[in-house]
Amino acid sequence: MTHPVPVRSDLLDDAAERARRYLDAVRSRRVAPSAEAVEALRELEGLFPDDESEPRAVLELLDRLGSPATVAANAGRFFGFVNGGALPASMAATWLAAAWDQNAALRAMSPAAAALEDVALEWARDILGLPDGCGGAIVTGATLANLTGLAAARHALLARAGWDVENDGLFGAPPLSVVVGDEVHVSLVKALGLLGLGRQRVTRVAADSEGRMRADALPAFDARTIVCLQAGNVNSGAFDPAGEICERARDAGTWVHVDGAFGLWAAASPRYRHLAEPFGKADSWATDGHKWPNVGYDCGLAFVKDARVLQSTMSTSAAYLATTALREPSQFTPEMSRRARGVELWATLRSLGRRGLADLIERTCTHARTFADGLRTRGFEVLNEVVINQVLVSFGSDAATRAVIEQIQRDGTCWCGGTEWHNRAAMRISVSSWATTADDVELSLAAIEHAAQRVRTSNTGDS
């Protein structure tokens, strides 16, 4: 099939118009899609067609069936998981980057992608308060960012012991020990499994009531130990005592890795910087761009204090891979061919600036405190100390709490997820989007109260 330029231009105009209509309506629609919209997705199934399809017909089908079945995550009232919402500059940059269609593996493949990645990584390093000279990587998300940082840790500690893990593997290698908190996130555990360090071959350290690793319960450290800290517990938002642990690790030659998927960005806020600042003493860091900075999906970042360690861990060579004396992206990341994620990251950070990013973080944290205060005022139990943007709430019994969560997700005004906290069911409210307003919070509080009343009425049998 041939696609002359006018046909391609018309198709892009059609796509842009459909995207505009979607965005214009997204704040007025229900957050979760209707059951009917989800059921209609079955029309996308069927055998792989023999014949070509006209591109505009494909786009029409995609919009007609796909758009109604999306979750309105960028509408301001999606408080599930820890999902941001793409800022306008990020969204527009994604459109442009898609038109560029660049492979960001090497500078020869895309000088623009490499340059934007260089600048965006340096800006992020500076914002996060990490040491000068860090090596950085832009990856898909915190899972791969954790894998990248932990791979560098594995390389460095085994190289120190005289073992080349990239060439010789783990068979017969000197053993490494890994220390995590009891509240370790599953993405880090998954990364440990993928690296051959074991999901269960870890020493788990008891956590306090807010999910912080207890420094007084730590095991002995040595030069073949990796200790994994958390900057922002995924449930409570709490921060491990990094200052004390990093000092002890430095004395023992232990590698400190930080899983800071969203909490590490507190460093960008004058009001919350004190929470993240101690983590700058670590050796590697993982975070997300698609959480608090509100870069569109997908965007994760990994940093390693010694750039040479990261490059030695990730680099490879072949006669046909043209490299330069400058930083080659694929020499610092697990992937080779990859889309130009640095474009959206650069555009997002440039559009925000320091003040805008600080305001985004502080505003969403204020919304979280408003949620907590409003829920308490309505007689519900807030289960955590609201230190940043995470709120945990119980509506009485576990059954009642789960019923309220189900009711609020079905209602569609907002979307909140469920979790377990200290063996109790809880609703988790994560405020992470630039699009959330004070009106969104009040509207959502009213919807949550109404959902709780309906569950209470149902349980008492009142009409």
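Just so you know, these numbers come straight off a predicted model, no measurement behind them.

*Asks:* An account of the environment of Val 165 is requested, with residue identities and associated values reported.
*Replies:* Checked against the element boundaries, Val 165 lands in helix α7 (residues 165-168). Residue classification places Val 165 among the buried positions, given a relative accessible area of 6%. On a C-alpha basis, the gap between Val 165 and Thr 313 in space is 8.9 Å, while along the polypeptide they are 148 residues apart. Excluding residues that lie within four positions of it along the chain, Val 165 makes contacts with Arg 154, His 155, Leu 158 and Leu 170.

*Asks:* Break down the packing of helix α4 (residues 88-100) against helix α12 (residues 341-377) for me, with residues and values.
*Replies:* Direction vectors running N to C along α4 and α12 enclose 150 degrees, while the axes themselves pass 8 Å from each other. The orientation of α4 relative to α12 falls into the category roughly antiparallel. The two elements α4 and α12 cross, and the hand of that crossing is right-handed. Here Ala 89, Ser 90, Ala 93, Thr 94, Ala 97 and Trp 100 of α4 come into contact with α12, specifically with Val 343, Glu 344, Ala 347, Thr 348 and Ser 351. Within the contact of α4 with α12, the residues separate by chemical class into six nonpolar, four polar and one charged.

*Asks:* Describe in detail the side chain of Thr 225, supporting the description with residues and values.
*Replies:* Locating Thr 225 in the fold gives a position in strand β4 (residues 225-230). At 3.0 Å, the side chain of Thr 225 and the side chain of Ser 177 are in polar contact. A distance of 2.8 Å separates the side chain of Thr 225 from the side chain of Asp 222, its partner in a polar contact. Contact partners of Thr 225, with chain neighbours within four places excluded, come to Leu 157, Ser 177, Val 179, Thr 254 and Trp 255.

*Asks:* So, the environment of Gly 396: which residues are in play, and what are the values?
*Replies:* Inspection of the secondary structure puts Gly 396 in the loop between β9 (390-394) and α13 (398-411). Between the alpha carbons of Gly 396 and Pro 329 there is a distance of 51 Å; along the sequence they are 67 residues apart.

*Asks:* Give a detailed account of empty space enclosed by the protein, specifying residues and quantitative values.
*Replies:* All chains considered together, the criterion is met by one cavity of 30 Å³ or more. Considering only enclosed or pocket space, the largest cavity measures out at about 90 Å³ in volume. Around the largest cavity sit 15 residues that line it, and Gly 181, Val 184, Cys 228, Gln 230 and Asp 240 are the ones nearest its centre. Among the residues forming the lining of the largest cavity, the class breakdown is six nonpolar, four polar and five charged.

*Asks:* If you had to explain the pairing of β9 to someone new, which residues and values would you point to?
*Replies:* Counting buried residues along β9, five of its five residues qualify, which places the element largely inside the surrounding structure. The side-chain alternation of β9 yields two buried faces, one formed by Gln 390, Leu 392 and Ser 394 and the other by Val 391 and Val 393. In this structure, strand β8 (residues 381-382) lies alongside β9, joined through two bridges in antiparallel fashion. The residue bridging Val 382 from the neighbouring strand is Val 393, located in β9. In terms of strand pairing, β9 meets strand β11 (residues 424-430) through four bridges, oriented antiparallel. By the bridge assignment, Val 391 is partnered in β11 with Ile 429.

*Asks:* An account of helix α5 (residues 111-127) is needed here, citing residue identities and associated values.
*Replies:* Under the 1.5 Å per step criterion, the end-to-end length of α5 is 24 Å for 17 residues, consistent within 8% with the ideal 24 Å. Three or more residues of α5 are buried, namely Ala 113, Ala 114, Leu 116, Glu 117, Ala 120, Leu 121, Ala 124, Arg 125 and Ile 127. When α5 is viewed along its axis, its buried side chains cluster within an angular range of 165 degrees and face the same direction.

*Asks:* Residues and numbers for the pattern of salt bridges, please.
*Replies:* A full pass over the atoms with the stated rule returns 35 salt bridges. Linking Arg 341 and Asp 298 is a salt bridge whose minimum nitrogen-to-oxygen distance equals 2.7 Å. Here Arg 341, found in helix α12, pairs with Asp 298, found in the loop between β6 (284-288) and β7 (300-304); they are 43 residues apart in sequence, far enough to count as distant. Its relative accessible area of 24% is what places Asp 298 among the partly exposed residues.

*Asks:* Outline the packing of aromatic side chains, listing residues and values.
*Replies:* One pass over the structure, following the stated rule, counts seven aromatic pairs. Here Phe 78 and Trp 415 contribute two aromatic rings whose centre-to-centre distance is 5.3 Å and whose plane-to-plane angle is 25 degrees, an arrangement assigned as stacked. Pair noted here: Phe 78 is in the loop between α3 (55-66) and α4 and Trp 415 is in the loop between α13 and β10 (417-421), with a separation of 337 residues, a long-range link. Trp 415 carries the same exposure label as Phe 78, and that label is buried. When the centroid spacing of 5.6 Å and the interplanar angle of 20 degrees are considered together, the rings of Phe 81 and Trp 415 count as stacked. Here Phe 81 is found in the loop between α3 and α4, whereas its partner Trp 415 is found in the loop between α13 and β10, with 334 residues between them in sequence. Ring pairs connect the aromatic residues Phe 78, Phe 81 and Trp 415, which therefore count as one cluster.

*Asks:* Break down the side chain of Ser 187 for me, citing the residues and quoting the values.
*Replies:* With respect to the helices and strands, Ser 187 occurs in helix α8 (residues 186-194). Residue Ser 187 is classed as buried on the basis of its relative accessible area of 7%. One polar contact links Ser 187 to Asn 146, side chain to side chain, over a distance of 3.3 Å. In contact with Ser 187, other than residues within four places in its own chain, are Thr 143, Asn 146 and Asp 259.

Conventions adopted
Residue numbers run consecutively from 1 along every chain, following the written order of its sequence. With pLDDT at 70 or above as the cut-off, local features in this predicted model cover only qualifying residues; side-chain atom pairs require 80 or more to be listed or tallied, and sums for whole chains, interfaces and linings still use all residues. With hydrogens and water set aside, each side-chain value is computed from the structure's full complement of heavy atoms. A helix here means a DSSP run of H or I that spans at least four residues, while a strand means a run of E at least two residues long, and both kinds are numbered starting from the N terminus. Accessibility here uses a 1.4 Å probe with only protein chains present; expressed as a share of the type maximum, an area under 20% marks a residue as buried, one over 50% as exposed, and anything in between as partly exposed. Any two residues having at least one pair of non-hydrogen atoms within 4.5 Å are treated as being in contact. To get an axis, fit a line to the C-alpha atoms, keeping to the stretch in contact for a helix; angles then go from 0 to 180 degrees between the N-to-C directions. Angle categories are assigned with fixed cut-offs, so that under 35 degrees is roughly parallel, over 145 is roughly antiparallel, 65 to 115 is roughly perpendicular, and the rest are oblique. By convention, the crossing between two helices is left-handed when the near helix turns anticlockwise from the far helix through less than a right angle, and right-handed when the turn is clockwise. Residue type decides the class: Asp, Glu, Lys and Arg count as charged, Ala, Val, Leu, Ile, Met, Phe, Trp, Tyr, Cys and Pro as nonpolar, and the leftover types, Gly among them, as polar. Polar contact is defined as a pair of N or O atoms within 3.5 Å, subject to the rule that within protein one atom must be able to donate a hydrogen and the other to accept it, and that residues adjacent in sequence are counted only when both atoms are side-chain atoms. Think of a 1 Å grid over just the protein atoms. A cavity is a set of points where a 1.4 Å probe fits yet cannot get out, a pocket is an open set with protein on both sides within 12 Å along at least five of seven lines, and lining residues have an atom within 4 Å of a point. Grid points are joined across faces, edges and corners, and a volume is the space filled by probe spheres set on the points. One bridge is not enough; two strands pair if DSSP finds at least two bridges between them. To estimate the expected span of a helix, subtract one from its residue number and multiply by 1.5 Å. By construction, the arc corresponds to the directions joining the helix axis to the C-beta atoms. Note on definitions: salt bridges are taken to be side-chain nitrogens of Lys or Arg within 4 Å of carboxyl oxygens of Asp or Glu. A pair of aromatic rings is counted whenever rings of Phe, Tyr or Trp (Trp by its six-membered ring) have centres within 6.5 Å, and the orientation is called stacked for planes under 30 degrees apart, edge-to-face for over 60 and tilted otherwise.

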